[in-house]
Amino acid sequence: DGGGEDEGDDSAALMHDLLVANWPLLRTLRMCNEPGAPPREGRTVHGIVKMRLAEVEAADQAAEATGQPKLGADARSAYYTFDKREVPDRSWPLVVPVLEQLGFEGLDEFNVSARAATIPPELCAAFDTRVVQPWQDAWRTFRASQRTRGGANDSDEEAHDGAPQAGGEETDSTSSAVADEAAAAAARQMEEAAMGDSLYAWGCLDWLSSASRASDKKSDRSAFVVAAPDLLQAPDGLPSSLASVRIRQVAAGGRHAMLLTAAGEVYAWGRGLSGCLGVVSTGCAGIPQRLCSLALAQISISLVACGGEHSFLLSSAGELFACGSNKRGQLGLGPGQGDEVVLPQRVVAHLPTAFAATGSKAAPSEATDPRRAVSVSCGTAHTAVVLADGSLLTCGAADDGALGQDSTQFRRGTSSLNYDLVEASRGDSSVLAPVAVLVPPKTLVSAASAGGVHSLALTRAGQVYSFGAGTWGRLGLGEDNSPRTAPTLVKAASHLGVTDVAAGFEHSLLLSADGAVFIFGRTSSSYVSLPTPVPAIGPAVDVPVRSVSAGRGWSLAVDMVGGLWVWGAMPAHGAMGLGENNGSKIRTARQPTRIPSLMGRYVVSAAAGSAHVIAVADSVRSENKEMVVPAEARFGTTSLPTYDHAVCETCGREEGPDGGDLLFCDWCNRGFHMECHEPKLPHVPEGDWNCFNCKLERFSSCQVCGMQDELTKTLALCDTAPDCPHHGCCHVECLPASHRPQLVRQVEAAAAREAAAARAAAAAEDADAEMGELDGAARGDANPAAPTRASPPPGEEATGHDGASEAAEGQEAGAKPPPASATASAAGAPSKGGKKGPAKGAAAAVAPEKPQWVMSQLHWFCAPCERKQHEHKEAGGSTTASLTAYGARGELPAAARRLLRQYHSICKKPDEGQIAVLASAAQRDAAEISAWFGNAERAELDKAKRLRLEQQRERERAQANAARPQPVAAGGGPAAVPSAAPQGLAPKSRPSAPPLPPHTELMIDELRAQGNEAYKAGFLEKAKQHYVEALRIDSNLASAHAYILCSNLSAVYAAQSDWLNSLHAAQRCVHVQPDFAKGWSRIGTAHASVGNRAEALYAFKMCLGLDPLNATTRDRILSLEAEMAAAGAAVGRATESNGTTHAGGTSGPPHQYEAGAAGPGGARGDAVSTSQHRPQPRDQPADTGAVSGIGIPPLRQSHLTPESVSRGAGSNGALPSAAHATTGAFAAPNPKRPLPSSGANAEPEAKRPPQGTFSAAPHAVAPASAQASEPDIAAGNEAYKHGDFAAAAAAFSRAITCYSSVNAVPAALLSNRSAAYAGLQKYHEALRDADTCIHVKPQWSKGYSRRGNALHGLGRLDEAIAAYRKALHMDPTNAVVIVSLQNCIDLRAAERQAAPSAGGAAPAAGAATLRAPPPHAGSMEEL
């Protein structure tokens, strides 16, 4: 028995080993459903067997019941046909023996068409034991071997019995630490294994021409389509800084490429017209250019990615940087960042705080910040980013759902999380936002790839999701090729053990852990819609693959031994790297083909672009130590018949003048005699040889900006004779302005002016002649065969454009500009024989019109030649143009300021070279650019000082509050502390509020953070929603950062030009934090934006008192004072001419505000006893619904209309003043600090000589009476806010009784009771209070406006008009009074028209209906 058990165990072990060893071939078979994996699509063999067993059992029961014989052995068998999707023909001979070992019959390994398998009855009966159990055990073994990415929960839901043992937790933590260290060591080993030191490029390397021109075989640019790998070497093909440097990674985009060194530096080259190279300049570079801004800022990069016309960089700290085209928002920088970004800019993931708080389940070995990016991939016009917590973000073009941000499905699946999709599913997304479905911690993404119009995502559990366009089967979802707007599971890939994904333009690649490659999507003219093994590579043929990359219709793979394989079909302007066939570059390969020219060279990585390839090889691990691919392998051999009887390009003969050899350029394939080549060759060169023109074409680049194209600029060559050995050149536009030659149009214009002057002089001479007319005829007859050209019209004289010059301009703007000699001849200057402005093939591409220079005027030497001249002390008339000689041109334009700000955000201190590049881009002197960065550095230092000052003030305030004893009232509550400061200057203490619970504080902080992120991204409405929601939760403004919330909300309103609400929020800010300088600054900005100069000046002075280092505020104060002085002079002249004096004083704060009953929001904190001097908006909307319990102005959209503004606006278009309008109180930050005064002889209003009809008594307030009246005033305000005018009038009446005399009652309180009576239509009482208000405060315009309201309601229109005019005399810009006055005048005119024409009789009773009621006396404008 024991021997039988051992034999069974051995048999089971052998079967297990057999299945595991052949699992790469068996995993596509639909044998059964594996545990922990999605169910197989369609019927499985296991399902068919169970169905057959059920049918046989039913047949046996029927036979027993009827007494008929049971089924025979053949009838009890099951049958299954393995299609070619499960087992390809090439794998059939290997799979059949394994199936036969399992017990299947009827298969022939030599006949791929015999695919119907018979499952005998005994196998059907024991199918679970003999097939399913071994199959699932092999699956578990395979899956366990693939858990290299630390997936969250892929335990297949297996139960683990047994109680936990003591010390198990410590053992788990120890094993976890060991596993982390092992994983880190493996990652370092893999990173080192992927490094190399040799860089190859092939395919379309023509960065300057269009794709159609590059694909033209007859074009002179066809040589730039390289058919075999070409090694880039220093100093020609690579900068000297890259010589012998280890390269960590390469990336290829549409027409550009990037490489990353082991030190974390990035180099970019290719077609960078959109700024995708990230090197400030836009253009084309054939030599890798260093991204100096990142290097100088010491930002180490760990990963680079290239898209269609944009690039992404990932730093070692997890920060993202992006540059290039942003037309579809693919950079994720938010709206308003422009269509092109020429410098790497930081990208902030638009991920709500709730996502990070609830979704982050990252392992301890990963970064603690869940927003840290770990991977990025760029598609044609969109980008995918994977974060450390396993979330996936996308941005850019949303065509066909390529972003995967299906809002409906997303919100349905994650309603518990506060995601912010910014409506990305409805269109392009300019910010990185989460995709749907793939939500941590349920689904953790480990890798993603963005393709043409689709995307792939790989989870840590090995599942593949696809979304976007589905045409050509690129999503791998079977025959359903419809687009997917949300990630959809690729079920057919769930059993493949996928470890990497690659999305191409119209196809997709999957790489399994064992090195197998699967493809779905377009394959040349056909397609496959399910993951299909790629033939000729993979473990089945002993060629396991390390990495894959997908291009535009073609693919490449790097195997484990350094071989590079390519297959597919490249575009017409590309080449596969397989050389040429019959003179044509090979562009297609139906099956993976290893590149023969790289045999013996160990390729570690490769990147597929649109039509070019960048590969990295390691010379240390290469068998062939000569890394240069032989010229014969790249260009063929000169023994071919095509080279017979070849002639020299210069002399056109086979034999040279001096009998020199005929050499063929290894790039353009043209022949030159050694003596005919310029410069002459002293001997036959060894190795590769390029003619001078090809070297100039390939390796010359501007020594300032690094670009080599002439699409928008003109290249000038070094003047070293006969030819510069360094191929030195520089764009004329990059030279300092003082060293540039003249423009052709300038020379032509000067010549035209001279010609016009000559013609004018000749005409004057003719006029002075006695017989001018006859003389002119004689001159014309003297040479009848040479008629003179008619004088050009005046417009042509001004421009100097005759017919020849216009034709020349048409040629210059065409496909190929003329040589420099032609340009010089057109300008009347001597020619340099075409040496300047060479007619390079690079400029032959259709390009935008560019300036045309007189190149003969330019004498320029490259830096090496100039140094050599100085060493030999050869004093020549020409030296290198200094790159620091731009003249001052006034203020920097907006584009230049934006460029400098972008650079400063990355690098604070650029070096001289970068200063020169920035000066060239900004068209400014290098000294001016250096000064700009110096000023920016000083501004940051000042900002840091202000921050330290604010922090110190915060600490001092906290200490003072802790040391100050709190008075206790008789009722046990906190007592109000009366201020000893003069009336109107005392800071108002904010009512104490109970502290908020910790969870409420966290909620408010979370909303504030979300608002900040939305504001940075440019989503103002969403930022406002977050801030308003936070303030709604914190209705008493009791949180620690309530004042910051108000300040930020004010900034949002200001960005929307909603100055009224901006003012409201800023007032709330200083109400909570009176010594917060920024709050006062926001108040000043709001007032200044609507023309309230006095109020703005006061607020800015308060800000400057709190923040003396704020230079911006100081400048605003000086500007406002100058404007007010000019306006005051104008008003003085006007009033002097009218014989009147302006009634409004200018001392103290801008206006004396009625604080006693400051509108609906001015309850407890706005008591009459502490009336404040406070800036107010000039126009105020109606009841705005103040937040209850705060006593501060509410938040609501402004009710101002363009019509009302235009009626009340002054001559400068500013909003009219309404100093009587109250929006809530805010206290001065320091009662000891003197308030700013706008006049030298200013004095308090109480001491001014009274004006008006009544003799005004001094306006004084008894503190005790004021405190007693505060509750009634608050009640009146609250009642008035809700429209209860009767209760408001009663409350105000009770408050008035608290004062000893009428003269002691504040005018504001009388004014407000008048408003309440007007609301009750008790106009006689309203008139009485208005007159008393005028008696108490005769210089206040509000009293007269209240009187006008009451008289208006009584129908005494003439008196009402007089009162309104008096109010306007005191406040000429009051829009509300202007409207009320106009209404009265219109009503009076209507009454007169309705009156009987005879006898001056009184108007009829019906005419009373023409008298409309006055404007609501209790409106916010009037209250």
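Calculation rules
- Residues numbered from 1 in each chain as written.
- Predicted model: local features only at pLDDT ≥ 70, side-chain atom pairs only at ≥ 80, totals over all residues.
- Heavy atoms only, no water.
- Helix = DSSP H or I, 4+ residues; strand = E, 2+ residues; numbered from the N terminus.
- Buried < 20%, exposed > 50% of the residue type's maximum accessible area, 1.4 Å probe, protein only.
- Areas by Shrake-Rupley, 256 points an atom, 1.4 Å probe, with all protein chains shown as cover.
- Polar contact = N/O pair within 3.5 Å; in protein donor to acceptor, adjacent residues only side chain to side chain.
- Pairing = 2+ DSSP bridges.
- Axes fitted to C-alpha atoms, helices over the stretch in contact; angles between N-to-C directions.
- Salt bridge = Lys/Arg side-chain N within 4 Å of Asp/Glu carboxyl O.
- Parallel < 35°, antiparallel > 145°, perpendicular 65-115°, else oblique.
- Left-handed = near helix turned anticlockwise from the far one by under 90°.
- Contact = heavy atoms within 4.5 Å.
- Phe/Tyr/Trp six-rings, centres within 6.5 Å; stacked < 30°, edge-to-face > 60°.
- Nonpolar A, V, L, I, M, F, W, Y, C, P; charged D, E, K, R; others polar.
- pLDDT = per-residue confidence, 0-100.

### Observations regarding the overall build of the chain
Piece 1. The helix and strand inventory of the chain stands at 38 helices and 36 strands.
Piece 2. Within the chain, the fraction of its 1423 residues that count as buried is 50%.
Piece 3. With the model as given, the accessible surface of the chain reaches about 63100 Å², and the carbon-plus-sulfur share is 53%.

### What about the side chain of Ser-449?
Piece 1. Counting through the fold element by element, Ser-449 comes out in strand 17 (residues 445-450).
Piece 2. Classification of Ser-449 as buried rests on a relative accessible area of 8%.
Piece 3. Among the polar contacts listed, one links the side chain of Ser-449 to the backbone nitrogen of Ala-503, at a separation of 2.8 Å.

### With respect to the sheet that holds strand 12 (residues 340-347)
Piece 1. Pairing is antiparallel in the open sheet, where 4 strands are placed in the order 9-10-11-12. Because the sheet does not close on itself, it has two edges, and the strands there are strand 9 (301-306) and strand 12. When strand polarity is set aside, the average angle formed by the axes of neighbouring strands in this sheet is 15°.
Piece 2. With 5 bridges connecting them, strand 10 (residues 310-315) and strand 11 (residues 320-325) associate as antiparallel partners.

### A closer look at the pattern of salt bridges
Piece 1. Summed over the entire model, instances satisfying the criterion amount to 31 salt bridges.
Piece 2. A salt bridge links Glu-64 to Lys-70, with the nearest nitrogen and oxygen atoms 3.3 Å apart.
Piece 3. With a relative accessible area of 56%, Glu-64 lands in the exposed category.
Piece 4. Residue Glu-937 pairs with Lys-909 through a salt bridge whose shortest N-O separation is 3.7 Å. Placement of Glu-937 in helix 23 (residues 926-963) and of Lys-909 in the loop between helix 21 (894-906) and helix 22 (912-922) is noted, with a sequence separation of 28 residues between them.
Piece 5. For Glu-937, a relative accessible area of 35% corresponds to the partly exposed category.
Piece 6. Residue class for Lys-909 comes out exposed when judged on its relative accessible area of 59%.
Piece 7. Overlapping salt bridges, with partners in common, bring together Arg-30, Asp-83 and Glu-86 in one network.

### Considering the packing of helix 21 against helix 23
Geometry of a packed helix pair, given as the angle between the helix axes and the separation of the axes.
Piece 1. In the contact formed by helix 21 and helix 23, the axes pass within 11 Å of each other and the chain directions differ by 55°. Regarding the angle of helix 21 to helix 23, the classification is oblique. At the point where helix 21 passes helix 23, the crossing takes the right-handed sense. Contacts between helix 21 and helix 23 involve Leu-900, Arg-901, Tyr-903 and His-904 from the former and Ile-929, Trp-932, Phe-933, Ala-936, Glu-937 and Glu-940 from the latter.

### As for the packing of aromatic side chains
Piece 1. This structure, assessed with the given rule, holds 12 aromatic pairs.
Piece 2. Centroid distance Tyr-903 to Phe-933: 6.0 Å. Interplanar angle 85°. Geometry classified as edge-to-face. Taken together, the positions of Tyr-903 in helix 21 and Phe-933 in helix 23 put the pair 30 residues apart, joining distant regions of the chain. Like Tyr-903, the residue Phe-933 is buried in the burial classification.

### Regarding the packing of helix 25 (residues 1020-1033) against helix 26 (residues 1042-1055)
Piece 1. Running from amino to carboxyl end, helix 25 crosses helix 26 at an angle of 150°, the nearest separation of the two axes being 10 Å. Relative to helix 26, helix 25 is oriented roughly antiparallel. The hand of the helix 25/helix 26 crossing is left-handed. Judged by residue contacts, Leu-1020, Ala-1023, Lys-1024, Tyr-1027, Val-1028, Ala-1030 and Leu-1031 of helix 25 engage Ala-1042, Leu-1045, Cys-1046, Asn-1048, Leu-1049, Val-1052, Tyr-1053 and Ala-1055 from helix 26.
Piece 2. For the contact of helix 25 with helix 26, the residue count by class is 13 nonpolar, 1 polar and 1 charged.

### Let's talk about the pairing of strand 25 (residues 545-550)
Piece 1. Across 5 bridges, strand 25 lies against strand 26 (residues 554-559) in antiparallel orientation. Bridge pairing in strand 26 places Val-545 opposite Asp-559.
Piece 2. Here strand 25 folds back onto strand 26, and the loop between the two strands holds 3 residues, one of which, Gly-553, carries a positive phi near 90°.

### Some details on the environment of Phe-82
Piece 1. The topology assignment puts Phe-82 in the loop between strand 1 (78-81) and helix 5 (92-102).
Piece 2. By relative accessible area, which is 0% here, Phe-82 ends up buried.
Piece 3. A C-alpha to C-alpha distance of 7.8 Å links Phe-82 and Leu-29, two positions 53 residues apart in sequence.
Piece 4. Beyond its immediate chain neighbours, meaning those up to four positions away, Phe-82 contacts Leu-29, Val-45, Val-87, Trp-92, Leu-99, Phe-104, Arg-115 and Ala-117.

### Focus on helix 14 (residues 692-699)
Piece 1. Counting buried residues along helix 14, 6 of its 8 residues qualify, which places the element largely inside the surrounding structure.
Piece 2. Along helix 14, the positions that sit buried rather than exposed are Phe-692, Cys-694, Leu-696, Glu-697, Arg-698 and Phe-699.
Piece 3. Residues of helix 14 that are buried in the fold lie against strand 4 (225-232), strand 8 (283-290) and strand 35 (715-717).

### Focus on the confidence of the model for the chain
Piece 1. Overall, the predicted model of the chain reaches an average pLDDT of 73, with 70% of residues at or above 70.
Piece 2. Confidence over residues 874-888 falls short of pLDDT 50; this stretch has 44 contacts with residues more than four positions distant or in other chains.
Piece 3. Counted against residues more than four places away or in other chains, residues 969-991, with its pLDDT under 50, gives 42 contacts.

### Describing the sheet that holds strand 13 (residues 373-378)
Piece 1. Pairing within the open sheet is antiparallel, and its 4 strands lie in the order 13-14-15-16. Edge positions in the open sheet fall to strand 13 and strand 16 (429-434), since each of these has one partner strand only. Across this sheet, the average inter-strand angle for adjacent strands is 15°, counted without regard to direction.
Piece 2. With 5 bridges connecting them, strand 13 and strand 14 (residues 382-387) associate as antiparallel partners. Looking at the pairing, Ser-375 lines up with Val-386 of strand 14.

### Describing the pairing of strand 9
Piece 1. In terms of strand pairing, strand 9 meets strand 10 through 5 bridges, oriented antiparallel. Residue Ile-301 lies in a different strand from strand 10, and its bridge partner there is Ser-315.
Piece 2. Between the end of strand 9 and the start of strand 10, which pair antiparallel, lie 3 residues.

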